[in-house]
Amino acid sequence: MGQQVKDANGKLGILIPGLGAVATTLIAGVASINKGFSKPIGSVSQLSRIRLGKRTENRNPLIKDFVPLAKLEDVVFGGWDVYEDNVYEAASKAQVLEQGQLDAVKAELEAIQPMKAVFDRNFVKNLDGTHIKSEKTRRELADAVQRDIREFKEKNGLDRVVLVWCGSTERYIETNEAFSTIAKLEEALDNDDQRIPPSMIYCYAAIKEGAPYVNGAPNLTCDVPAIVELAHEYGVAIAGKDFKTGQTLMKTIVAPGLQARALGVEGWFSTNILGNRDGLVLDDPENFKTKEVSKLSVLEEILDAKKNPELYGDLYHKVRINYYPPHGDNKESWDNIDIFGWLGYKMQIKINFLCRDSILAAPVALDLALFIDLAQRAGMSGIQEWLSFYLKSPQTAPGLPPEHDIFKQLMKLQNTLRHIMGEDLITHLGLDYYQELVDSIQ
């Protein structure tokens, strides 16, 4: 084994700030899978295979059989929400899954009641939940979340806990001196500094309790020096940011293909309509900006104008999200891509993706929870860049540009798993197969 990995013995708690459409779809899905009603489609950790050694060896185990992941039957869900609906009620209102599917696991879902949430309307103007903590200061709120984590762990007899943010996109903020060191962040908490967003309070509390944290929204949260420093000090794994699901997933599949074949891109216009709570929150310009920055960064890295000015120097990239209630969770995205080829001849690609936002996000949230728990047991603390595969705006070490190409991200993910388990890394060079053949003929 490459590095000593603790076994996934006992139960794993997955605590989720934000028990909305994504979280309830995930929880209902795992309950359905555990009862044998469904299969974990879309979950790489559960259904994908990984090649080990040479192609001729035919060793291709399921990832879940290769690395010691928590089993789905050993997962216990909980979380916080600004609305007091239990998970069955919240899932019914979200209208992602059919009511019959929810009714089949009704008892399991009704048993999960949200804890009162940390909420500051200044960060999410379009929500008005009342199921919120009574503590007044940032420090008191952080202490309350730490208590919640400890009590949840104790009450459910858990061995380990991870937190996965499935809450709303907060308004756009940039880092500041309060987030620059642990000491300054601690001071800011003590002084009830209003610049600290709710998501950062959850993240801070998780790390202090030794619980890995995944940021599923484009919020700043753990992408600040103080939190990264804290994660290293406490030996805790962190990952973020923003689940890669619909339109951006398509971009990270299509753009690398165009770039690989040296085709030029003149313009990429992207627009979305969605009607779930995420759409409502993003209807506010300050919240949309946070999402826009996350979505825009993807193409800039893959189609690098500095490296290939003749192909991408004039790329015009526009992203729009429109709140449209009739569609609910059925997000529809349109992409118009203006490309050019040999001798500058112009061509176009049109993509119309009618997706289910939460259906795509649920297995992503599951995999991130299971993999970050693995990272923690393997002693890998701090930023887990190898989980970029699942994220729109991957968090990286300072000064390191993110890798957005989904195929390179997949290689990084698989090679990290091979490394953890002491298997040879795979470069896909493949020349050794042919050199052995040449040698045998001589």
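Residues numbered from 1 in each chain as written. Predicted model: local features only at pLDDT ≥ 70, side-chain atom pairs only at ≥ 80, totals over all residues. Heavy atoms only, no water.

## Section: the UniProt feature "transmembrane region" (unreviewed entry) in the protein chain
Under the UniProt annotation, the feature "transmembrane region" (unreviewed entry) is placed at residues 12-33. What you have in residues 12-33 is 59% helix and 27% strand, and the ends, taken at the C-alpha atoms, are 17 Å apart. (UniProt positions renumbered as here; feature names shortened; annotations may be inferred. Helix = DSSP H or I, 4+ residues; strand = E, 2+ residues; numbered from the N terminus.)

## Regarding the packing of helix 9 (residues 198-208) against helix 10 (residues 225-234)
Between helix 9 and helix 10, the least distance of the axes is 9 Å, while the angle of their chain directions is 15°. With respect to each other, helix 9 and helix 10 are oriented roughly parallel. Remark: the crossing between helix 9 and helix 10 carries left-handed chirality. Mapping the contact onto sequence places M200, C203, Y204, I207 and K208 in helix 9 and I227, L230, A231 and Y234 in helix 10. (Axes fitted to C-alpha atoms, helices over the stretch in contact; angles between N-to-C directions. Parallel < 35°, antiparallel > 145°, perpendicular 65-115°, else oblique. Left-handed = near helix turned anticlockwise from the far one by under 90°. Contact = heavy atoms within 4.5 Å.)

## A few points about the packing of aromatic side chains
Under the definition given, this model contains five aromatic pairs. Seen in terms of ring centroids, F371 and Y390 are 6.4 Å apart; in terms of plane orientation they differ by 40°. Their pairing is tilted. Of this pair, F371 sits in helix 15 (residues 357-377) while Y390 sits in the loop between strand 11 (382-383) and helix 16 (406-420); the two residues are 19 residues apart in sequence, bridging distant segments of the chain. Among the residues examined, Y390 registers a relative accessible area of 3% and is labelled buried. A ring pair is formed by F389 and Y390, whose centres lie 5.0 Å apart and whose planes are at 80°; its orientation type is edge-to-face. On the basis of relative accessibility, which here comes to 14%, the residue F389 falls in the buried class. Within the aromatic cluster, the residues linked to one another by ring pairs are F371, W386, F389 and Y390. (Phe/Tyr/Trp six-rings, centres within 6.5 Å; stacked < 30°, edge-to-face > 60°. Buried < 20%, exposed > 50% of the residue type's maximum accessible area, 1.4 Å probe, protein only.)

## Observations concerning the domain arrangement of the protein chain
How big an interface is tends to be reported as the loss of accessible area on association of its parts. Domain boundaries in the protein chain define domain 1 (12-243 + 358-421) and domain 2 (247-354). In this structure, domain 1 and domain 2 have C-alpha centres spaced 26 Å apart. Carbon and sulfur atoms supply 57% of the area buried between domain 1 and domain 2, which totals about 2,300 Å² over both sides. The largest per-residue losses of area from domain 1 upon contact with domain 2 belong to Y172, K392 and H404, which jointly make up 27% of the total buried on that side. At the junction of domain 1 with domain 2, the criterion picks out zero salt bridges. Where domain 1 meets domain 2, there are three residue pairs in polar contact (both at pLDDT 80 or more). Only helix 15 and helix 16 provide two or more residues apiece to the side of domain 1 that touches domain 2. (Domains from an automatic or database assignment. Buried area = accessible area lost by both parts, 1.4 Å probe. Salt bridge = Lys/Arg side-chain N within 4 Å of Asp/Glu carboxyl O. Polar contact = N/O pair within 3.5 Å; in protein donor to acceptor, adjacent residues only side chain to side chain.)

## Brief notes about the sheet that holds strand 9 (residues 330-340)
What links the strands of a sheet is backbone hydrogen bonding, and the strands pair in either a parallel or an antiparallel sense. The four strands lie next to each other as 8-7-9-10, forming an open sheet whose pairing is mixed. Taken across any chain shown, the strands that pair with only one partner, and hence form the sheet edges, are strand 8 (316-323) and strand 10 (346-356). Each strand axis lies, on average, 10° off the axis of its neighbour in the sheet, ignoring direction. Pairing analysis gives eight bridges linking strand 7 (residues 264-274) to strand 8, with the strands arranged parallel. Pairing of F269 across the sheet is with K318, part of strand 8. Contacts from helix 11 (residues 247-260) reach strand 7, strand 8, strand 9 and strand 10 within the one sheet, and its direction differs from that of strand 7 by about 165°. Where helix 15 meets the sheet, its contacts fall on strand 7, strand 9 and strand 10, and the angle it forms with strand 10 comes to roughly 80°. (Pairing = 2+ DSSP bridges.)

## Thoughts on the pattern of salt bridges
A full pass over the atoms with the stated rule returns 20 salt bridges. One salt bridge in this structure joins E423 and R59, with 3.2 Å as the shortest N-O distance. With E423 in the loop between helix 16 and helix 17 (431-441) and R59 in the loop between helix 2 (44-47) and helix 3 (63-66), the pair connects residues that are 364 residues apart, well separated along the chain. Here D120 and R138 are joined by a salt bridge, their closest N and O atoms 2.9 Å apart.

## Some words on unusual backbone geometry
A cis amide bond links G240 to the next residue, K241, at an omega of 5°. If you trace the backbone, K241 turns up in the loop between strand 6 (237-240) and helix 11. Located in the positive-phi region is D242, a residue other than glycine, with phi close to 80°. Examined against the element boundaries, D242 turns out to sit in the loop between strand 6 and helix 11. When its relative accessible area of 2% is taken as the criterion, D242 is described as buried. The phi dihedral of H428 falls on the positive side, at around 65°, and the residue is not glycine.

## A short note on the packing of helix 1 (residues 21-34) against helix 15
As a packed pair, helix 1 and helix 15 sit with axes 8 Å apart at the nearest point and diverge in direction by 70°. Classified by the angle their axes make, helix 1 and helix 15 are roughly perpendicular. Of the two possible hands of crossing, helix 1 and helix 15 adopt the one that is right-handed. Only S358, I359, A361, A362, A365 and L366 of helix 15 make contact with helix 1, whose side of the interface consists of A21, V22, T25, L26 and V30. Looking at the contact of helix 1 with helix 15 residue by residue, the classes come out as nine nonpolar, two polar and no charged. (Nonpolar A, V, L, I, M, F, W, Y, C, P; charged D, E, K, R; others polar.)

## Quick word on helix 10
Three or more residues of helix 10 are buried, namely A226, I227, V228, L230 and A231. Tucked into the core, helix 10 has its buried residues touching helix 8 (182-190), helix 9, strand 6 and strand 11. Residue G235 follows helix 10 closely and has a positive phi angle near 65°.

## Comments concerning the state of the cysteines
Under the definition given, this model contains zero disulfides. In this structure C166 is not part of a disulfide, and its nearest cysteine sulfur, from C222, lies 13 Å away. Between C203, a cysteine without a disulfide, and C222, which holds the nearest cysteine sulfur, the sulfur-to-sulfur distance is 4.5 Å. (Disulfide = S-S within 2.5 Å.)

## Observations regarding the sheet that holds strand 6
Sheet architecture is open: seven strands sit in the order 3-2-1-4-5-6-11, paired in parallel fashion. The open sheet has two edge strands, strand 3 (115-116) and strand 11, and neither has a second partner.

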